[in-house]
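Coordinate analysis (summary)
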Amino acid sequence: MISKEKTMIALNKMYEMFPDAHCELNYETPFQLVIAVALSAQATDVSVNKATPALFEAFPTPEALAAASIDEIIDKIRTIGLYRMKAKNIKACAEQILERFDGQVPQTREELVSLPGVGRKTANVVLGEAFGIPAFAVDTHVERIAKRLRICKLDANVLEVEATLMKKVPKELWVKTHHTMIFFGRYHCTARAPKCEVCPLLDMCREGKTRMKKK
């Protein structure tokens, strides 16, 4: 694994490449962010953003979504993968936010992950994005970049990737780094066709060097 110092050198180059990295899911309230992130599991942000305007117009609050039928919700999100399961989860999530948290999205990871359809990644996104509470959400892009650059071990699980990043990156940069690594992975160091030939981090990337030798 590379050191803290080399990790920050790599991240600073990513910050320069994507100075405006941000959450690309569209939402207006913490509740809508919870729902959008839950819907984004195994789906793209683009596909979620196409569905949520109609969903949030019809059911903008926990009260409205909890009162909706499953069929009504499905009708709004059927373009998203796993829409039947997700419809049940987001309705149940809205119901529990009403019943257990007085209609307010909780602001601790433990309470967030107790909600239907909310995993650790979703909880970390909500903490950092909606409430400004330092958290490091690890999605497929973050995990891929961390392993390609040897920031973490190649066989690390998601929790180990998160823990390693939290140790190597200053706490005040966790949310920024999460967004930046996603942009870097989504638009530059992609899964199947990374832009190794124009990558400023090529000298730090063993996998990239191997790819370039094969070309």
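Going by what an unreviewed UniProt entry lists, the chain is known as Endonuclease III and is assigned to Candidatus Enterococcus lowellii. For the record of the chain, the UniProt heading Sequence similarities (unreviewed entry) holds the text "Belongs to the Nth/MutY family."

A short note on the nonpolar core
Of all hydrophobic cores here, the largest spans 38 residues; its most connected members are Ile35, Leu39, Leu55, Leu65, Ile73, Ile90 and Leu112. Only helix H2 (30–39), helix H3 (45–58), helix H4 (62–67), helix H5 (70–77), helix H6 (83–101) and helix H8 (120–131) provide two or more residues apiece to this core. Here the element with the most residues in this core is H2; it accounts for eight residues. The contact partners of Leu65, leaving out residues within four places of it in the chain, are Phe31, Ile35, Leu55, Phe59, Ile73, Ile90, Lys91 and Ala94. Grouped together as the second largest cluster of nonpolar side chains are 30 residues, Met14, Ala21, Phe136 and Val142 included.

Some words on the packing of aromatic side chains
A complete count under the given rule lists two aromatic pairs for this structure. Seen in terms of ring centroids, Phe18 and Phe183 are 6.0 Å apart; in terms of plane orientation they differ by 70°. Their pairing is edge-to-face. One end of the pair, Phe18, is in the loop between helix H1 (4–17) and H2; the other, Phe183, is in helix H11 (residues 174–187), with 165 residues separating them in the sequence. Look at Phe18 and you get buried, because its relative accessible area is 15%. Taking the relative accessible area as the measure of exposure, Phe183 reaches 8% and is therefore buried.

A look at the packing of H2 against H3
Axis separation between H2 and H3 bottoms out at 10 Å; the angle between their running directions is 140°. The angle between the axes of H2 and H3 places the two elements in the oblique class. For the crossing formed where H2 meets H3, the hand is right-handed. Note on element contacts: H3 touches H2 through Val48, Thr52, Leu55 and Phe56, opposite Gln32, Ile35, Ala36 and Leu39. Of the residues assigned to the contact of H2 with H3, the class counts are six nonpolar, two polar and no charged.

Some details on the side chain of Asn49
Summarising the element assignment, Asn49 is placed in helix H3. Separated by 2.7 Å, the side chain of Asn49 and the backbone oxygen of Glu24 make a polar contact. In contact with Asn49, not counting residues within four places along its chain, are Glu24, Leu25 and Asn26.

Details of H2
The buried count for H2 comes to nine of ten residues, which makes it a mostly enclosed element. Buried residues of H2: Phe31, Gln32, Leu33, Val34, Ile35, Ala36, Val37, Ala38 and Leu39, and no others. Those residues of H2 that are buried are in contact with H3, H4, H5, H6 and H8.

Considerations on unusual backbone geometry
Notably, Leu82 is not glycine yet its phi reads approximately 60°, a positive angle. Position of Leu82 among the secondary structure elements: in the loop between H5 and H6. Unusually for a residue other than glycine, Asp102 sits at a positive phi of about 55°. Here Asp102 lies in the loop between H6 and helix H7 (109–113). Asp102 sits in the exposed class, given a relative accessible area of 69%.

So, how was this worked out
Residues numbered from 1 in each chain as written. Predicted model: local features only at pLDDT ≥ 70, side-chain atom pairs only at ≥ 80, totals over all residues. Heavy atoms only, no water. UniProt positions renumbered as here; feature names shortened; annotations may be inferred. Core = buried A, V, L, I, M, F, W, Y, C linked by side-chain atoms within 4.5 Å. Buried < 20%, exposed > 50% of the residue type's maximum accessible area, 1.4 Å probe, protein only. Helix = DSSP H or I, 4+ residues; strand = E, 2+ residues; numbered from the N terminus. Contact = heavy atoms within 4.5 Å. Phe/Tyr/Trp six-rings, centres within 6.5 Å; stacked < 30°, edge-to-face > 60°. Axes fitted to C-alpha atoms, helices over the stretch in contact; angles between N-to-C directions. Parallel < 35°, antiparallel > 145°, perpendicular 65-115°, else oblique. Left-handed = near helix turned anticlockwise from the far one by under 90°. Nonpolar A, V, L, I, M, F, W, Y, C, P; charged D, E, K, R; others polar. Polar contact = N/O pair within 3.5 Å; in protein donor to acceptor, adjacent residues only side chain to side chain.

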